[in-house]
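Close look at the chain arrangement
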Amino acid sequence: MKEYKGNTEYKGNTIGENIRNLRIQKEMKQTALALELHIGRQSVSAYERGVTLPDIYLLIRIADYFDVTLDELTGRKRDIPQKVNY
């Protein structure tokens, strides 16, 4: 996976790790999450392992299901420049 070199940092399989952590916090099996999202269990497994990524529409459904923001789900962290007063 290519790393974006702007002022936003992405590392490794953050999305998959976050999906897995959220699922485990809810004490869910991959099969149960797959049923909730109307996808196959193999897809959940592939996302969690970083083999593939969910599309934006599925990311929104996952974020809504777990009641988190897309930024939280994707691990997005931005460097927000400080305003300079003159």
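Refer to the structure presented above.
Residues numbered from 1 in each chain as written. Predicted model: local features only at pLDDT ≥ 70, side-chain atom pairs only at ≥ 80, totals over all residues. Heavy atoms only, no water.

1. Focus on the overall build of the protein chain
When helices and strands are tallied, the protein chain shows five helices and two strands. Traced from its N-terminal end to its C-terminal end, the protein chain shows the element sequence β-α-α-α-α-α-β. Of all 86 residues assigned to the protein chain, the portion counted as buried reaches 34%. Looking at the protein chain alone, contacts between residues at least 24 apart form 58% of all its contacts between residues at least 6 apart. (Helix = DSSP H or I, 4+ residues; strand = E, 2+ residues; numbered from the N terminus. Buried < 20%, exposed > 50% of the residue type's maximum accessible area, 1.4 Å probe, protein only. Contact = heavy atoms within 4.5 Å.)

2. Considerations on the packing of aromatic side chains
Applying the stated criterion across every chain yields a total of one aromatic pair. Both rings, one in tyrosine 65 and one in phenylalanine 66, keep their centres 5.0 Å apart while their planes meet at 80 degrees; by these two values the pair is edge-to-face. Overall, tyrosine 65 belongs to the partly exposed group, its relative accessible area being 24%. Residue phenylalanine 66 is classed as buried on the basis of its relative accessible area of 9%. Just above the ring of tyrosine 65 sits the side chain of lysine 26; from NZ or CZ to the centre is 4.7 Å. (Phe/Tyr/Trp six-rings, centres within 6.5 Å; stacked < 30°, edge-to-face > 60°. Lys NZ or Arg CZ within 6 Å of the ring centre and 35° of its normal.)

3. As for helix H2 (residues 30–37)
Burial in H2 covers these residues: Gln30, Leu33, Ala34 and Leu37. Down the axis, H2 shows its buried residues gathered within 100 degrees of arc, on one side only. Considering only its buried residues, H2 is in contact with helix H1 (14–25), helix H3 (41–49) and helix H4 (56–66). Phi for histidine 38, located one or two positions after H2, is positive at around 60 degrees. (Arc of directions from axis to C-beta.)

4. Some details on the nonpolar core
With 16 residues, the main nonpolar core has Ile19, Leu33, Ile62, Phe66, Val68 and Leu73 as its most contacted residues. Looking at this core, the elements that each hand over two or more residues are H1, H2, H3 and H4. If sequence neighbours within four positions are ignored, valine 68 has contacts with Leu22, Ala63 and Leu73. (Core = buried A, V, L, I, M, F, W, Y, C linked by side-chain atoms within 4.5 Å.)

5. Digging into the side chain of glutamine 30
Following the sequence through the fold, glutamine 30 ends up in helix H2. The class for glutamine 30 is buried, based on a relative accessible area of 18%. Among the polar contacts made by the side chain of glutamine 30, one reaches the side chain of glutamate 48 at a distance of 2.9 Å. Once residues lying within four places of it in the same chain are set aside, the contact partners of glutamine 30 are Arg23, Arg41, Val44, Ser45 and Glu48. (Polar contact = N/O pair within 3.5 Å; in protein donor to acceptor, adjacent residues only side chain to side chain.)

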